[in-house]
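Chain by chain, the residues:
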Amino acid sequence: MNLASIPSPSSGVLEIGPVPLRGYAFAILVGLFFGLWVLNRRWVARGGKHGTSWDIAVWAVPFGLLGGRLYHVVTDYQLYFGEGRDWVDAFKVWEGGLGIWGAVALGAVGAWIGCRRRGIALPPFADATAPALALAQAFGRWGNWFNQELYGKPTDLPWAVEISEGVNRVAGTYHPTFLYESLWCVGVALLVIWADRRFRLGHGRAFALYVAAYCAGRGWIEYMRVDEAHHILGLRLNVWTAIIVFVLAVVYIVVSAKVRPGREEIVEPDRDTPAKAADEEGSDPDGPSETDADEQGADAKKDPFTKDEPGGPGKGRTAGSTEAAAEKS
């Protein structure tokens, strides 16, 4: 008998005045906006401009949602195209069903398009995105709690989640795998932030670390789940995906560190000519004005996601500012 457990909501719909909002969609939206806020702070800290991350997100987010849904529908096609199923349900994203593997893969394509339009290389942007994406996932996983789905094996632990009787589910208390993954994602974000500051990760290695760390946790969490899934050689499809992607991420970190060590000095070149920028801003064409640097530096110090990050505002924004600092010393 359980003396304590996590109750599930009686309904997956939140009533906000006359507008009903599904809990799954609410969790995704909260994670999305919080992640974009963190991303913008980190991008500025690495030497980018305010607002650039939002411009790129206009491409990355729709591509990511499309990729996440496609992965889910393809890998769980029997839910939509099997006997007695309605294929129209494949378009009902609000009812749940987004695969992170497809979301990241196609979202990266969208980010690449956005970066190309801004004249930015994808790897440094991906490095700024890594912890923001992990934190967005941490919020988004609570959508499964609203839908009472993707839980683990039965348990009587104090933190078990209560599941009510429903379609394809039996009432009882189960491992809250949504909670495990949410907490794991927070840990991944903290790991990437620490490693990024400590080792000055660049050229996509911070993002690769996020991928490897997430896959390490997703493997054992996926193994605990009891929802229907395809198996290959006795393991769930997502476990195999996590193993393969983990190996690829680690290989990338090792090879990239040897081929392109260090971190990018310039992440977002100014589209204006140096002379024009100097005339308009009244500042040194080789770098930002002292006022801009002071304001951005103050913002970074207040921000736990960017504080003391090497290569932040005023540090390595342009090659000229780095050389000037070296001459003064």
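Nothing here was measured: the structure is a model prediction, and the numbers come from that model.

A. Fine view of the overall build of the chain. Secondary structure assignment for the chain yields 12 helices and six strands. Expressed as a percentage of the 329 residues in the chain, the buried residues total 44%. Total accessible area on the chain is roughly 17,400 Å²; 65% of this is exposed by carbon and sulfur atoms.

B. Structural detail: the pattern of salt bridges. According to the stated counting rule, one finds 12 salt bridges in the structure shown. Arg263 is the salt-bridge partner of Asp196, the closest N and O atoms lying 2.7 Å from each other. Of this pair, Asp196 sits in helix H7 (residues 177–199) while Arg263 sits in the loop between helix H9 (237–259) and helix H10 (274–281), and the two are 67 residues apart along the sequence. Comparing Asp196 with Arg263 shows no difference in burial state: the two are buried. The partner of Arg225 in a salt bridge is Glu222, and the shortest N-O contact between them spans 3.2 Å. Residue Arg225 shares its accessibility class with Glu222, and that shared class is buried. When salt bridges that share partners are traced, they join Arg42, Arg46, Asp127, Asp196 and Arg263 into one network.

C. Focus on a nonpolar patch on the surface. Taken together, Ile243, Ile244, Phe246, Val247, Leu248, Val250, Val251, Val254, Val255 and Val259 make up a surface patch of nonpolar side chains, about 840 Å² in accessible area. Secondary-structure assignment places Val250 in helix H9. Val250 gets classed as partly exposed once you look at its relative accessible area, which sits at 31%.

D. Local environment of the environment of Leu191. Tracing the sequence through the fold places Leu191 in helix H7. Taking relative accessible area as the criterion, Leu191 reaches 34% and is therefore assigned partly exposed. In this structure the C-alpha to C-alpha distance between Leu191 and Leu209, which are 18 residues apart in sequence, comes to 8.7 Å. Those residues in contact with Leu191 that lie beyond four places of it in its chain are Leu209 and Ala213.

E. View of helix H1 (residues 23–45). Its 23 residues give H1 an end-to-end C-alpha distance of 33 Å, which sits within 8% of 33 Å, the value for a rise of 1.5 Å per residue. Positive backbone phi, at 110 degrees, marks Gly47, one or two positions downstream of H1.

F. Here's a closer look at the side chain of Arg42. Summarising the element assignment, Arg42 is placed in helix H1. Given a relative accessible area of 0%, Arg42 falls into the buried group.

G. Examining the packing of helix H4 (residues 100–118) against helix H5 (residues 122–140) more closely. Interaxial distance between H4 and H5 falls to 12 Å at its minimum, and their mutual angle equals 140 degrees. One way to sum up the angle between H4 and H5 is to call them oblique. Taken as a pair, H4 and H5 cross one another with a handedness that is right-handed. Contact residues: Ile100, Val104, Ala108, Ala111, Trp112 and Cys115 in H4; Leu122, Phe125, Leu133 and Gln137 in H5. Taken together, the residues of the contact of H4 with H5 sort by class into nine nonpolar, one polar and no charged.

H. Inspection of the nonpolar core at higher detail. Counting residues in each nonpolar core, the largest one holds 39 residues, and the members touching the most others are Trp101, Phe125, Val192 and Tyr210. Looking at this core, the element that brings in the most residues is helix H8 (residues 205–224), giving nine residues. Residues contacting Tyr210, with those up to four places away along its chain left out, are Val104, Ala130, Leu133, Ala134, Gln137, Val188 and Val192.

I. Up close: the packing of aromatic side chains. For the structure on display, the rule yields 14 aromatic pairs. Chaining the aromatic ring pairs together yields one cluster made of Trp101, Phe207, Tyr210 and Tyr214.

J. How the structure looks around H8. With 20 residues, H8 extends 29 Å between its outermost C-alpha atoms, agreeing within 8% with the 28 Å of an ideal straight helix rising 1.5 Å per residue. Most of H8 is tucked away, with 17 of its 20 residues classed as buried.

K. Examining unusual backbone geometry more closely. Positive phi, close to 50 degrees, is recorded for Arg200, a residue that is not glycine. Phi is positive for Leu233, close to 55 degrees, though the residue is something other than glycine. Residue placement: Leu233 occurs in the loop between strand E5 (231–232) and strand E6 (235–236). On the basis of relative accessible area, Leu233 is assigned to the exposed category, the value being 76%.

L. Broad picture of the pairing of strand E2 (residues 19–22). Relative to E2, strand E1 (residues 13–16) runs antiparallel, the two sharing four bridges. The partner of Leu14 across the bridge, within E2, is Leu21. Two successive antiparallel strands, E1 and E2, enclose a turn made up of two residues, where Gly17 displays a positive phi of approximately 65 degrees.

Rules and cut-offs
Residues numbered from 1 in each chain as written. Predicted model: local features only at pLDDT ≥ 70, side-chain atom pairs only at ≥ 80, totals over all residues. Heavy atoms only, no water. Helix = DSSP H or I, 4+ residues; strand = E, 2+ residues; numbered from the N terminus. Buried < 20%, exposed > 50% of the residue type's maximum accessible area, 1.4 Å probe, protein only. Areas by Shrake-Rupley, 256 points an atom, 1.4 Å probe, with all protein chains shown as cover. Salt bridge = Lys/Arg side-chain N within 4 Å of Asp/Glu carboxyl O. Patch = residues over 30% accessible without salt bridge, like charges linked within 9 Å, V, L, I, M, F, W, Y side chains within 5 Å. Contact = heavy atoms within 4.5 Å. Expected span 1.5 Å × (residues − 1). Axes fitted to C-alpha atoms, helices over the stretch in contact; angles between N-to-C directions. Parallel < 35°, antiparallel > 145°, perpendicular 65-115°, else oblique. Left-handed = near helix turned anticlockwise from the far one by under 90°. Nonpolar A, V, L, I, M, F, W, Y, C, P; charged D, E, K, R; others polar. Core = buried A, V, L, I, M, F, W, Y, C linked by side-chain atoms within 4.5 Å. Phe/Tyr/Trp six-rings, centres within 6.5 Å; stacked < 30°, edge-to-face > 60°. Pairing = 2+ DSSP bridges.

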